[in-house]
Every structure is written in structure tokens, then in C-alpha cells.
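Fold and geometry: a report
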Amino acid sequence: MRNHSLIQELNEFCSLSVEVIPQILDAFKVIELPKEKTVLREGFTNRHVYFLQSGIVRRYYIPQVGHQKTTSFITSSSFFTDLDSFERRKGSATTFNTETDCTIYSIDYFKLQGLMEANPSVR
């Protein structure tokens with residue numbers, strides 16, 4: 001389990017005990033998305049933190065003139081979210097769209113809070 005890309009990336013932030021690893025993996029939901037699918041749409045409230053295990057996700061917004069403006073590309077083994085929307089429970093300022101077939105791990109706000117409360121090392 002320590003070889004899982006999600007666990008390896010989390011270990012960059014904190015040292016995870018062997019006991020907490022299964023809890024973390026159980027808390028995340030695996031999402032398989034084909035190319036050109038929306039993960040989070042501008043204007044909708046973001047309730048998740050995502051981990052991109054494989055693939056590429058594009059983050060963009062549409063200014064008033066109507067043309068998409070790409071702000072970043074998220075690559076494999078990266079976390080992503082609209083943090084302002086996630087923390088403040090307001091509409092997202094950007095859209096996240098898959099550019100390739102993607103495997104994404106997702107954890108919702110309440111599961112993340114519960115995981116952090118039960119395991120202070122995860123904070």
C-alpha cells in the first residue's frame with residue numbers, strides 16, 4: 001500500500017502510519033473519466049479534493065469575452081481543487097476538464113474533515 005501513488009504523494013507532506021493508510025484509501029473514491037469530461041464546472045460549488053493518478057486535466061475559465069483561458073495543466077500524481085470554492089463553499093471560478101482518459105481519486109469535504117479529526121497526522 002505504501003507504493004500507491006496517492007500515499008507516496010501524501011507522504012511528501014506528512015509521515016503516515018501503517019494504520020492510517022487503509023483509512024485514507026477507503027475515504028477516497030476512484031473515478032475513471034474519459035477524455036473531454038468535466039470534473040468541476042465554473043459556477044458550481046466544489047465539495048472535493050482530487051488526486052490525479054493518471055492522465056492530464058486542464059484548468060480554465062471563461063472571461064466575459066467568451067474565449068477559454070487556460071490557467072494550468074494538471075499532470076499525474078498531483079492534487080487539485082478550487083481551494084477558494086472548497087473552503088468558502090462558493091461557486092468555482094474555474095472549470096477542470098479531462099484532456100486525456102484519467103483516473104482520479106476524490107474525497108469530499110466531510111470525509112476529509114472526519115479523516116483529519118480521527119488522525120491528527122493527516123492534518
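One can find the structure itself at the top, above this paragraph.
Residues numbered from 1 in each chain as written. Predicted model: local features only at pLDDT ≥ 70, side-chain atom pairs only at ≥ 80, totals over all residues. Heavy atoms only, no water.

As a further point, take the packing of aromatic side chains. A complete count under the given rule lists six aromatic pairs for this structure. Aromatic side chains Phe-13 and Phe-79 sit 6.3 Å apart centroid to centroid with 65 degrees between the ring planes, which places their arrangement in the edge-to-face category. Taken as a pair, Phe-13 in the loop between α1 (5-10) and α2 (20-27) and Phe-79 in strand β6 (residues 78-80) lie far apart in primary sequence, 66 residues in all. On the basis of relative accessible area, Phe-79 is assigned to the partly exposed category, the value being 26%. On the basis of an interplanar angle of 55 degrees and a centroid distance of 4.9 Å, the ring pair of Phe-51 and Phe-79 is categorised as tilted. Here Phe-51 is found in strand β3 (residues 48-54), whereas its partner Phe-79 is found in strand β6, with 28 residues between them in sequence. Ring-pair connections join several aromatic residues into one group, and the members of that group are Phe-13, Phe-51 and Phe-79. Here the guanidinium or amino end of Arg-89 rests over the ring plane of Tyr-109, the centre of that ring lying 4.7 Å away. (Phe/Tyr/Trp six-rings, centres within 6.5 Å; stacked < 30°, edge-to-face > 60°. Helix = DSSP H or I, 4+ residues; strand = E, 2+ residues; numbered from the N terminus. Buried < 20%, exposed > 50% of the residue type's maximum accessible area, 1.4 Å probe, protein only. Lys NZ or Arg CZ within 6 Å of the ring centre and 35° of its normal.)

On to the pairing of strand β4 (residues 56-61), then. Bridge analysis of β4 against strand β5 (residues 69-75) gives six bridges, and the strand direction is antiparallel. For Ile-56, the partnering residue across the bridge sits in β5 and is Thr-75. (Pairing = 2+ DSSP bridges.)

The next subject is the pattern of salt bridges. Per the stated rule, a full pass over the model turns up four salt bridges. Put simply, Arg-88 and Asp-84 hold a salt bridge, and the shortest N to O gap is 3.1 Å. On the criterion of helical spacing, the pair formed by Arg-88 and Asp-84 is a turn pair, its members being four residues apart in helix α3 (residues 83-88). Residue classification places Arg-88 among the exposed positions, given a relative accessible area of 62%. (Salt bridge = Lys/Arg side-chain N within 4 Å of Asp/Glu carboxyl O.)

What follows covers the sheet that holds β6. Strand order across the open sheet formed by four strands is β1-β8-β3-β6, with antiparallel pairing between neighbours. In this open sheet, the two edge strands, each paired with only one partner strand, are β1 (29-33) and β6. Across the sheet, the mean angle separating the axes of adjacent strands is 30 degrees when strand polarity is ignored. (Axes fitted to C-alpha atoms, helices over the stretch in contact; angles between N-to-C directions.)

Now for the nonpolar core. Counting residues in hydrophobic clusters, the biggest one holds 20 residues, and the most contacted among them are Leu-6, Leu-16, Ile-24, Ile-107 and Val-122. Secondary structure elements with two or more residues in this core: α1, α2, β3, β8 (102-108) and α4 (109-118). Once residues lying within four places of it in the same chain are set aside, the contact partners of Ile-24 are Leu-6, Ile-7, Leu-10, Leu-16, Leu-115 and Val-122. (Core = buried A, V, L, I, M, F, W, Y, C linked by side-chain atoms within 4.5 Å. Contact = heavy atoms within 4.5 Å.)

With respect to the secondary-structure elements, Ser-85 resides in helix α3. For Ser-85, the residues in contact, after removing those within four places along its chain, are Phe-44, Thr-45, Asn-46, Lys-90, Gly-91 and Ser-92.

Let us now look at the sheet that holds strand β7 (residues 95-98). In space, the four strands of this open sheet follow the order β2-β7-β4-β5, with antiparallel pairing throughout. Of all the strands in the sheet, just β2 (38-40) and β5 have a single pairing partner and so form its edges. Each adjacent strand pair in this sheet contributes to an overall mean axis angle of 30 degrees, direction not counted.

Here we come to the environment of Lys-90. Counting through the fold element by element, Lys-90 comes out in the loop between α3 and β7. Classification of Lys-90 as partly exposed rests on a relative accessible area of 37%. Sequence separation between Lys-90 and Thr-45 is 45 residues; the distance between their C-alpha atoms is 5.1 Å. Those residues within four positions of Lys-90 in sequence are excluded, and the remaining contacts are Phe-44, Thr-45, Asn-46, Asp-84 and Ser-85. Polar side-chain contacts of Lys-90 include one of 2.7 Å to the side chain of Asp-84. (Polar contact = N/O pair within 3.5 Å; in protein donor to acceptor, adjacent residues only side chain to side chain.)

These figures come from the coordinates and say nothing about function on their own.
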